[in-house]
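# Residue-level structural notes
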Amino acid sequence: MKDNCSISKGLKKFSQSQLIIPIIALVLLVVFNLIRDPSFFSIGINVNSAGHKVIAGNLISILNGASELAILAIGMTLVTSATKGQDISVGAVAAIAGSVFVKTLKASSSITVSSILIGVVFACLVGILFCLFNGFLIAKFNIQPMIASLILYTAGRPIAYWINGGATPNVESPLLGALGGFIPGCPIPSPILIVVLFVIIIKLLLKFTNLSLYIQSVGINEKAAKLNGINPIIMKLTVFVILGVCVALSGSMNVCRIGLINHETILIDIEMDAILAVAIGGNSLGGGKFKLAGSIIGAYIIQALTITLYAMKVPAVSVKAYKAIVIILIVVLGSPVVKSYIGKIKNRLFSSKKSKVEVSK
């Protein structure tokens, strides 16, 4: 009897978790691919163009391909929680940061570890500056986040174009190839390792500070947070500082991947995927409580869906349409209306089980 009670409590706790929708979606994708093609998740050892042994497979492609999106989803989650809205300019600002990264590398006599670090630092400073522009409009003037970020969404890529004089300069170096591909001797793609390191840093930041509590407090009830000594303006600007670092890292990583900066195509439409990752992750787009793990899983779900469609030989022009259909289903299942309906059914089931147990006693 105690075992049944503990199991029912565990199921109830899981059903109330924000992670239930992304986990179910991920499981469904896994099951679908196992039925469609059992070899979809097979992992092998290949030799890359540099002659090094590396791990390869669809699973590695998913983890690797979603690296920039996973980092942006973290920043978007925090912004959504604090401001009750989304920044739609992250792709454009990433293009600006990537252009600054390339400009810095081109200005140095040779590409070294120090020049790359300097480039990343400058990219982060510029990314923070432009994100703070959005944050200032939102925090100080109470402009709706999507409207405030529409300015840079429109003007960001032209600014990236001006930074490099209208050119699409190449930056070639074994160091950049290692950061965008594989470090010699390490079979795991570098972008995956960068995401793991960044997630650890963010988790430690949120764990050993009150930042998570303050951000959620501002998102849930800004007036109440202010009465408790939390400055909403500072909190909103803080999340945009973090978002600035996220867009800079994403832009720099993408440059390292392809070895050039193209203001028109770099991380195109990634802002929509970042918002969807937040929604698929079970986080409310209306702000408040958040779960970073959900958004990160959401990013990998989107990439897994893309890889699955390509594996099914779906034409590239049709991938977005098919992906939109699946994402609509996931988002609808995670909507408050559906959650409320499921909650009612769940409560009836639990109450009926409880009454049966009491009768048996």
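Residues numbered from 1 in each chain as written. Predicted model: local features only at pLDDT ≥ 70, side-chain atom pairs only at ≥ 80, totals over all residues. Heavy atoms only, no water.

What the rule picks out here adds up to 2 aromatic pairs. Centre to centre, the rings of Phe136 and Phe141 are 5.6 Å apart; their planes meet at 80°, and the pair counts as edge-to-face. Owing to a relative accessible area of 42%, Phe136 belongs among the partly exposed residues under this scheme. The exposed category is assigned to Phe141, whose relative accessible area is 53%. (Phe/Tyr/Trp six-rings, centres within 6.5 Å; stacked < 30°, edge-to-face > 60°. Buried < 20%, exposed > 50% of the residue type's maximum accessible area, 1.4 Å probe, protein only.)

Turning to the confidence of the model for the chain, a few remarks are in order. Should the pLDDT be low somewhere, the predicted coordinates at that spot are not to be read in detail. Per-residue pLDDT for the chain has a mean of 88; in total, 92% of the residues score no lower than 70. pLDDT under 50 marks residues 10-16. Its contacts with residues more than four places away, or in other chains, come to 6 contacts. (pLDDT = per-residue confidence, 0-100. Contact = heavy atoms within 4.5 Å.)

Attention now goes to helix α12 (residues 232-258). End to end, α12 covers 39 Å across 27 residues, agreeing with the expected 39 Å (1.5 Å per residue, within 8%). For α12, a buried count of 19 out of 27 residues is recorded, marking the element as mostly surrounded by other parts of the structure. You can read the cap of α12 off the contacts: a side-chain oxygen lies 3.0 Å from the backbone nitrogen of Ile233, and it is on Asn231. Directly beyond the C-terminal end of α12, a positive phi value near 75° is found at Gly259. (Helix = DSSP H or I, 4+ residues; strand = E, 2+ residues; numbered from the N terminus. Expected span 1.5 Å × (residues − 1). Polar contact = N/O pair within 3.5 Å; in protein donor to acceptor, adjacent residues only side chain to side chain.)

All right, on to the pairing of strand β2 (residues 53-56) then. The sheet contact formed by strand β1 (residues 44-47) and β2 spans 4 bridges and is antiparallel. Residue Ile45 lies in a different strand from β2, and its bridge partner there is Ile55. Adjacent in sequence and paired antiparallel, β1 and β2 are bridged by 5 residues, among which Gly51 carries a positive phi angle near 85°. (Pairing = 2+ DSSP bridges.)

Side chains of nonpolar character tend, in soluble globular proteins, to be buried together. Phe101, Ile215 and Val247 are the most contacted members of the largest nonpolar core, which totals 86 residues. Sorting elements by how many residues they give to this core places α12 first, with 12 residues. (Core = buried A, V, L, I, M, F, W, Y, C linked by side-chain atoms within 4.5 Å.)

Our focus in this paragraph is helix α6 (residues 113-141). With 29 residues, α6 should reach 42 Å at 1.5 Å per residue; the first-to-last C-alpha distance of 41 Å fits that figure. If you look at α6, its biggest bend is around 25°, right at Gly135. Taken from the residues just after α6, Asn142 is the one with a positive phi, measuring 55°. (Bend = angle between axes of the 7 residues up to and from the residue.)

Looking now at the environment of Val79. As for its position among the elements, Val79 is in helix α4 (residues 67-83). For Val79, a relative accessible area of 0% puts it in the buried group. Ignoring anything within four residues of it in the chain, the contact list for Val79 reads Lys84, Gly85, Asp87, Val239, Phe240 and Leu243.

This brings us to the environment of Val245. Along the chain, Val245 turns up in helix α12. Classification of Val245 as partly exposed rests on a relative accessible area of 24%. Counting along the chain gives 125 residues from Val245 to Val120, while the straight-line C-alpha distance between them is 9.4 Å. Sequence-distant contacts of Val245, that is, excluding residues within four places in its chain, are made with Cys124, Ile128 and Phe198.

In this section: the side chain of Thr80. Here Thr80 shows up in helix α4. Exposure remark for Thr80: the relative accessible area of 1% places this residue in the buried category.

Right, let's get into the pattern of salt bridges. Following the criterion strictly, the structure yields 3 salt bridges and no others. Put simply, Glu68 and Arg257 hold a salt bridge, and the shortest N to O gap is 2.7 Å. Residue Glu68 is found in helix α4, and its partner Arg257 is found in helix α12; the two are separated by 189 residues along the sequence. Glu68 sits in the buried class, given a relative accessible area of 3%. On the basis of relative accessibility, which here comes to 27%, the residue Arg257 falls in the partly exposed class. (Salt bridge = Lys/Arg side-chain N within 4 Å of Asp/Glu carboxyl O.)

Below, the discussion takes up the environment of Phe41. Of note, Phe41 is situated in the loop between α2 (20-36) and β1. Residue classification places Phe41 among the partly exposed positions, given a relative accessible area of 23%. For the pair Phe41 and Val326, spaced 285 residues apart in sequence, the C-alpha separation works out to 21 Å. For Phe41, the contacting residues outside a window of four places in its chain are Val30, Asn33, Leu34 and Leu59.

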